[in-house]
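Coordinate inspection notes
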Amino acid sequence: MRLLYNFLKDMRLSSKSFYFYLEIGFTVIIIAVLLFVVPENFENNLSIYLHLDVDDALYGEIMGTLGDNSTDEITIVDSREALEEAMSENRSSVGLSIYRENNQTVYNFVLQGYEEEKFKNIIKTTVETAFANEMFGDTDNITVITLNQGVEKLSDRINMIPIILTMNVSFMGLFIIASYIFLDKEEGTIRALAVTPNRMWEYLLGKMGVLLVSGIISGFLLMAIMVGSKANYLHFSVLLITTSLFGSALGLFVSSFFDTMTKAMGWLFMIIIIFALAATSYFSPSFSPMIIKFLPSYPIMFAFREVLLNNPDINYIYMTALGFGVATIVLFIAANYRFRKTLTI
Amino acid sequence: MITVKNLYHSYTKDDRYAVKNVTFEIEKGEVFGFLGPSGAGKSTTQGILTGLLQLQQGEVNVVGYDMRKPSREMFNKIGVSFEQSNVYNKLSALENLEFYKKLFDVPTLDPMFLLKIAGLDHVANKKTSEFSKGMKHRLTFVRSMLNNPEAWFLDEPTTGLDPAIASQIKDIIKEKNQAGTTVFLSTHNMYVADELCHRVAFIIDGEIKLVDSPRNLKLQYGEKLVGVEYKLGDELKKESFSLIDEMDRLKLNDIINNGNIELMHTKEATLEEIFIKVTGRGLQYNETSI
């Protein structure tokens, strides 16, 4: 029962404090940004300026090859100078100048200068495929194989939600629980509690409960508005609860090594920044070095992503939840042990 | 009720002891004063006795519990009032007491009753952030009475309070003690100690210099003088007479028989004078000490 009293007291206190609304406030702002600023899908229409200095036969062949290419915007310009001028006005464009020289067709790519080598190669290959191969009748030699046939694709907007859930809901508790603990220490109320039959774990768990409530409010708010009924809320709840508790327990454990918020802040901030690195692999799965896969944020992001899919990998979701549940217990026991020795000094 | 043997404590975990070789016993129903200047080791000793600091070296037993491994059950039997008020500022006075009341496993006193004896019943539902320092101090003080403790630890219970409130606090302590509560009183205020304590311990630089009753200390270290103000003709005379010196006693007797005595009082040594005599140091707060 003392745990309940601690939780209710902390809920009452935190509902009157700024920290409780911090996470929820962030979520509301993020929802507004997602709804009104971020498009459903990021358009990546690359404009292509094409200058053709070839005979009529080849001209007709090239134009025929372009056919009804609807994904890219292709503009024919009159001269090489006009091509460069058009490109300087539209920085999201590439140029291609095709001309005959020494009885050979020359494909001259004109780029903006900021393109990566990978992009250059893709452009080159694409144009080669689209123009050169078709013109020389080599299309039969080109085969496209898709490795993962059943991969579901989320819209760009929804695809951001797992990162928001991970960083704003699961790991926001890292900071906030530290603030709650150090505020109690500063006001001396922790010493008053320490001379009652109240146990340290009851005190700490009460704080985690508050963070869990604000995490659930933020998480469900985000999901309800952005995803609606498309997500499986049972899977989501299990994952949200375990990862939110993990974030709080980690915050407690890290805080237990410090005696003031100021001293703990640097480390907590560094941990959040490192955890955020997992977002790079999330957006670019080809970049997944082992060190990033070891970050707790990595499996959490992908597990939240599974929740959003029509055919989620339930095994992955629940194994992630189980793993973080166990980690939470270990961290909590360690934090409880340390705080029993240090919190009232 | 409380036994302390060869207690040592070092915050730096080396031989720089905040408390060293402290030994004393407190009987049930006794008011035991721990007198010393700031930084002498009073709060460290009280911290160990109340479980706020870990026992490093020595033996400490409080209300039957070994402080080497204190049980949380022990806290049903003790009450602790802190020098610095530590209440939840965002809760009302009543909410503060109601919360702490629920933490105990023993019958507790009615929060409203406690607020009444602290003179805070009229602001029971007011947030404590709006309280004055004195009001918060009284709330902290009565909070420590919630579980009707067998052993009551009071750290500077009247410091910073105006005389009227300090007097109320002292009256409450006396009443509780008469009802059987054992009191461990840490203070640098000799008057409070003199008025309330059955025995006092002088602590300085982490070491206890002596333990005795205020009466015995005064008898042992006082000069046993009587101060008299009397009229000799139109002149008002002030004189002190030793009760030991024969000539002084005869002269005093003569004044009593013949003179017009206006004021007469014993001039016993104060605890502070005795403290200085024993330790060579004063009891005032040392601002530079930790």
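In this text, all values refer to a predicted model and were calculated from it rather than measured experimentally.

Our focus in this paragraph is the domain arrangement of chain B. As assigned here, chain B comprises domain 1 (1-77 + 149-157 + 181-222), domain 2 (82-147) and domain 3 (223-267). Taken over C-alpha atoms, the centre of domain 1 of chain B sits 41 Å from the centre of domain 3 of chain B.

Attention now moves to the sheet that holds strand 10 (residues 207-212) of chain B. Residues and elements named next belong to chain B. The six strands lie next to each other as 6-7-8-3-9-10, forming an open sheet whose pairing is mixed. Edge positions in the open sheet fall to strand 6 (78-81) and strand 10, since each of these has one partner strand only. Direction aside, the axes of adjacent strands within the sheet are offset by 15° on average. By the bridge criterion, four bridges tie strand 3 (residues 31-35) to strand 9 (residues 199-204) in an arrangement that is parallel. Following the sheet pairing, Gly33 is matched in strand 9 by Val200.

Glancing now at the interface of chain A and chain B. Each partner contributes to the interface: chain A provides 24 residues, whereas chain B provides 26 residues. Here chain A and chain B share an interface that buries about 2400 Å² over both sides, 64% of which is from carbon and sulfur atoms. At the boundary of chain A and chain B, one finds three salt bridges. If you look at where chain A meets chain B, you find ten residue pairs in polar contact (both at pLDDT 80 or more). Within the residue set of the side of chain A that touches chain B, elements represented by two or more residues are helix 1 (2-14), helix 8 (172-187) and helix 9 (189-194) of chain A. A total of six residues in the side of chain A that touches chain B trace back to one element, the largest contributor, which is helix 1 of chain A. Taken together, the residues that form the side of chain A that touches chain B break down as eight nonpolar, seven polar and nine charged.

With that settled, the discussion passes to the environment of Val330 of chain A. Residue and element names in this part refer to chain A. Note that Val330 resides in helix 16 (residues 314-342). Val330 gets classed as exposed once you look at its relative accessible area, which sits at 53%. Separated by 140 residues in the primary sequence, Val330 and Ile190 place their C-alpha atoms 23 Å from one another.

All names here are of chain B. Spatially, 12-11-13 is the arrangement adopted by the three strands of the open sheet, whose pairing is antiparallel. Strands at the two margins of the open sheet, each flanked by one partner only, are strand 12 (235-242) and strand 13 (260-267). Geometrically, the sheet is characterised by an average inter-axis angle of 15° between neighbouring strands, direction not taken into account. This element, helix 8 (residues 246-258), spans strand 11 (225-232), strand 12 and strand 13 of the sheet and lies at about 140° to strand 12.

Scoring rules and cut-offs
- Residues numbered from 1 in each chain as written.
- Chains lettered and ligands numbered in written order.
- Predicted model: local features only at pLDDT ≥ 70, side-chain atom pairs only at ≥ 80, totals over all residues.
- Heavy atoms only, no water.
- Domains from an automatic or database assignment.
- Pairing = 2+ DSSP bridges.
- Helix = DSSP H or I, 4+ residues; strand = E, 2+ residues; numbered from the N terminus.
- Axes fitted to C-alpha atoms, helices over the stretch in contact; angles between N-to-C directions.
- Contact = heavy atoms within 4.5 Å.
- Buried area = accessible area lost by both parts, 1.4 Å probe.
- Salt bridge = Lys/Arg side-chain N within 4 Å of Asp/Glu carboxyl O.
- Polar contact = N/O pair within 3.5 Å; in protein donor to acceptor, adjacent residues only side chain to side chain.
- Nonpolar A, V, L, I, M, F, W, Y, C, P; charged D, E, K, R; others polar.
- Buried < 20%, exposed > 50% of the residue type's maximum accessible area, 1.4 Å probe, protein only.

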